[in-house]
Amino acid sequence: MTLQRNDLTPPLVMVFAAADPTGGAGIQADMLTLAGMGCHALTVITALTVQDTAGVEDVLAVDADFVSEQARAVLEDMPVQAFKLGVLGSVENIEVIAEIISDYPHIPVVVDPVVASGRGDELASEAMLEALRELILPQTTVITPNTMEARRLAARGHDDHEELDMSACARRILATGCKYVLITGSHANTPQVVNTLYGSRGVLRADAWERLPGSYHGSGCTLASAVAGALAHGLEVSQAVFEAEGFTWQSLVAAFRPGMGQSIPDRFFWARAPEEGREGDA
């Protein structure tokens with residue numbers, strides 16, 4: 001019997017990402033965010049991690065053939081409305097994922113280029129970034145780097161130490177073939193967090209959000225997954241970005257701090273009774 005998507009099936013988003021035992025970031029954050037956005041996540045695990053809310057201690061990449069088998073099995077069974085990519089684990093994984101998404105050229109691809117953890121633990125080597133530039137970015141609909149990640153992606157090589165402004169970074173990233181670049185202001189030293197969406201004609205929108213106190217584990221995962229979810233619902237890119245920013249900000253306002261490190265965004269803020277709401281960092 002052939003299974004077909006019906007009106008009762010929520011939009012399906014395939015996520016390629018690493019597992020986070022804290023549930024704050026990685027594929028667990030993607031699942032929670034997509035559920036909060038009214039989507040269903042199809043999860044392809046690219047790596048296992050040892051981490052807590054303070055930082056990442058170790059990463060074990062999943063074998064590339066097994067990554068491919070996970071994705072192909074699901075894609076032969078269910079239609080997807082969007083892809084979302086996070087930590088990919090290895091150059092080999094990037095190669096097989098690029099091959100997979102190339103078979104679905106009409107499905108939007110959202111990339112969260114996770115270079116390092118919030119503490120600064122390295123999660124992508126230069127070889128992985130180069131593979132991302134060459135194989136994934138030409139197929140990407142929206143990429144969501146922070147300012148540090150944007151500069152790393154825009155660098156032309158190990159000797160490129162030029163301090164580029166964000167507009168120049170966006171132009172270099174767009175030159176790879178990526179359609180839209182959403183540079184987030186979470187790491188900028190500004191009173192507000194300003195997120196700027198760039199396209200082939202320059203700035204499409206710039207949204208300012210109140211900068212909340214503290215730091216958050218999985219905020220970037222939340223934003224990128226929310227963009228993918230909004231695109232899966234059929235929104236055009238600019239509106240999808242705005243809706244995703246609003247969802248992310250609300251999840252940060254309601255964040256909780258269960259451990260000794262960063263706070264975890266509450267992706268089910270909308271399901272809490274008003275008296276249960278929390279504000280900012282604990």
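Read on for an overview of the structure. None of these values were measured; they are calculated from a predicted model.

## Thoughts on the environment of Pro-108
- Take Pro-108: it is sitting in the loop between helix H3 (91-102) and strand E5 (109-111).
- It is 7.3 Å that separates the C-alpha atoms of Pro-108 and Thr-140, two residues lying 32 residues apart in sequence.
- Leaving out residues up to four positions away in the same chain, Pro-108 has contacts with Gln-81, Ala-82, Phe-83, Thr-141 and Leu-231.

## Quick look at the nonpolar core
- Formed by 46 residues in total, the largest nonpolar core has its most connected members in Met-14, Phe-16, Phe-83, Leu-85, Ile-97 and Ile-136.
- In this view, Phe-83 contacts Met-14, Phe-16, Leu-75, Ile-101, Tyr-104, Ile-107, Pro-108, Val-109, Val-110 and Ala-228; residues no more than four positions away in its chain are not counted.

## Remarks on helix H6 (residues 166-174)
- When you tally the buried positions in H6, you get seven out of nine residues, the bulk of the element.
- Where H6 is concerned, the buried positions are Met-166, Ala-168, Cys-169, Ala-170, Arg-172, Ile-173 and Leu-174.
- Packed against the buried residues of H6 are strand E6 (142-143), helix H5 (147-154), strand E7 (180-183) and strand E8 (192-199).
- Capping the start of H6 is the job of one residue whose side-chain oxygen sits 3.2 Å from the backbone nitrogen of Ser-167: Asp-165.

## Side note on the packing of aromatic side chains
- For the coordinates displayed, the defined rule picks out six aromatic pairs.
- Arranged with centres 5.4 Å apart and planes meeting at 40°, the rings of Phe-268 and Trp-270 form a pair that is tilted.
- Taking relative accessible area as the criterion, Trp-270 reaches 46% and is therefore assigned partly exposed.

## Structural notes on the side chain of Ser-225
- Here Ser-225 lies in helix H7 (residues 219-232).
- There is a polar contact of 2.5 Å between the side chain of Ser-225 and the side chain of Asp-30.
- Setting aside anything within four residues of it in sequence, one finds Ser-225 in contact with Asp-30, Thr-33, Leu-34 and Lys-84.

## Comments concerning the layout of surface pockets
- Reported here for the second largest pocket is a volume of approximately 170 Å³.
- What lines the second largest pocket is a set of ten residues, among which Arg-133, Leu-153, Ala-155, Arg-172 and Thr-176 lie closest to the centre.
- If you list the elements that add at least two residues to the lining of the second largest pocket, you get helix H4 (126-136), H5 and H6.
- Among the elements that make up the lining of the second largest pocket, the one with the highest residue count is H4 (three residues).

## Here's the deal with the packing of H7 against helix H8 (residues 237-253)
- Interhelical geometry of H7 versus H8 gives an angle of 140° and a closest axis separation of 8 Å. As far as their axial angle goes, H8 and H7 are oblique. The element H7 and its partner H8 pack so that their crossing is right-handed. The residues of H8 that touch H7, namely those facing Ser-219, Thr-222, Leu-223, Ala-226, Val-227, Ala-230 and Leu-231, are Val-237, Ala-240, Val-241, Ala-244, Glu-245, Phe-247, Thr-248, Ser-251 and Leu-252.

## Details of a negative patch on the surface
- There is a patch of like negative charges on the surface, built from Asp-63, Asp-65, Glu-69, Glu-92 and Glu-95.
- Mapped by element, the contributors of at least two residues to the negative patch are helix H2 (64-75) and H3.
- Positionally, Asp-65 belongs in helix H2.

## Section: the pattern of salt bridges
- According to the stated counting rule, one finds six salt bridges in the structure shown.
- Between Arg-72 and Asp-103 there is a salt bridge, and its shortest N-O distance comes to 2.8 Å. Placement of the pair is Arg-72 in helix H2 and Asp-103 in the loop between H3 and E5, with a sequence separation of 31 residues.
- Using a relative accessible area of 23% as the deciding quantity, one classes Arg-72 as partly exposed.
- Asp-103 gets classed as partly exposed once you look at its relative accessible area, which sits at 46%.
- Between Glu-126 and Arg-152 there is a salt bridge; the shortest N-O distance is 3.0 Å.

## With respect to the sheet that holds strand E9 (residues 202-210)
- The nine strands lie next to each other as E3-E2-E1-E4-E5-E6-E7-E8-E9, forming an open sheet whose pairing is mixed. The open sheet has two free edges, formed respectively by strand E3 (56-61) and E9, since each of these has just one partner strand.
- The sheet contact formed by strand E1 (residues 12-19) and strand E2 (residues 40-51) spans eight bridges and is parallel. Considered in E2, the bridge of Leu-12 is made with His-40.
- On top of the sheet, helix H1 (residues 26-36) reaches E1, E2 and strand E4 (82-85); it is set at about 155° to E1, its chief contact.
- Here H7 sits on the sheet in contact with E1, E4, E5, E6 and E7, set at roughly 170° to E4.

Calculation notes
Residues numbered from 1 in each chain as written. Predicted model: local features only at pLDDT ≥ 70, side-chain atom pairs only at ≥ 80, totals over all residues. Heavy atoms only, no water. Helix = DSSP H or I, 4+ residues; strand = E, 2+ residues; numbered from the N terminus. Contact = heavy atoms within 4.5 Å. Core = buried A, V, L, I, M, F, W, Y, C linked by side-chain atoms within 4.5 Å. Buried < 20%, exposed > 50% of the residue type's maximum accessible area, 1.4 Å probe, protein only. Polar contact = N/O pair within 3.5 Å; in protein donor to acceptor, adjacent residues only side chain to side chain. Phe/Tyr/Trp six-rings, centres within 6.5 Å; stacked < 30°, edge-to-face > 60°. 1 Å grid on protein atoms, 1.4 Å probe; cavity = no way out; pocket = protein on both sides within 12 Å on 5 of 7 lines; lining within 4 Å. Points joined across faces, edges and corners; volume = space filled by probe spheres on them. Axes fitted to C-alpha atoms, helices over the stretch in contact; angles between N-to-C directions. Parallel < 35°, antiparallel > 145°, perpendicular 65-115°, else oblique. Left-handed = near helix turned anticlockwise from the far one by under 90°. Patch = residues over 30% accessible without salt bridge, like charges linked within 9 Å, V, L, I, M, F, W, Y side chains within 5 Å. Areas by Shrake-Rupley, 256 points an atom, 1.4 Å probe, with all protein chains shown as cover. Salt bridge = Lys/Arg side-chain N within 4 Å of Asp/Glu carboxyl O. Lys, Arg positive; Asp, Glu negative; His and termini not counted. Charge placed at Lys NZ, Arg CZ, Asp CG, Glu CD. Pairing = 2+ DSSP bridges.

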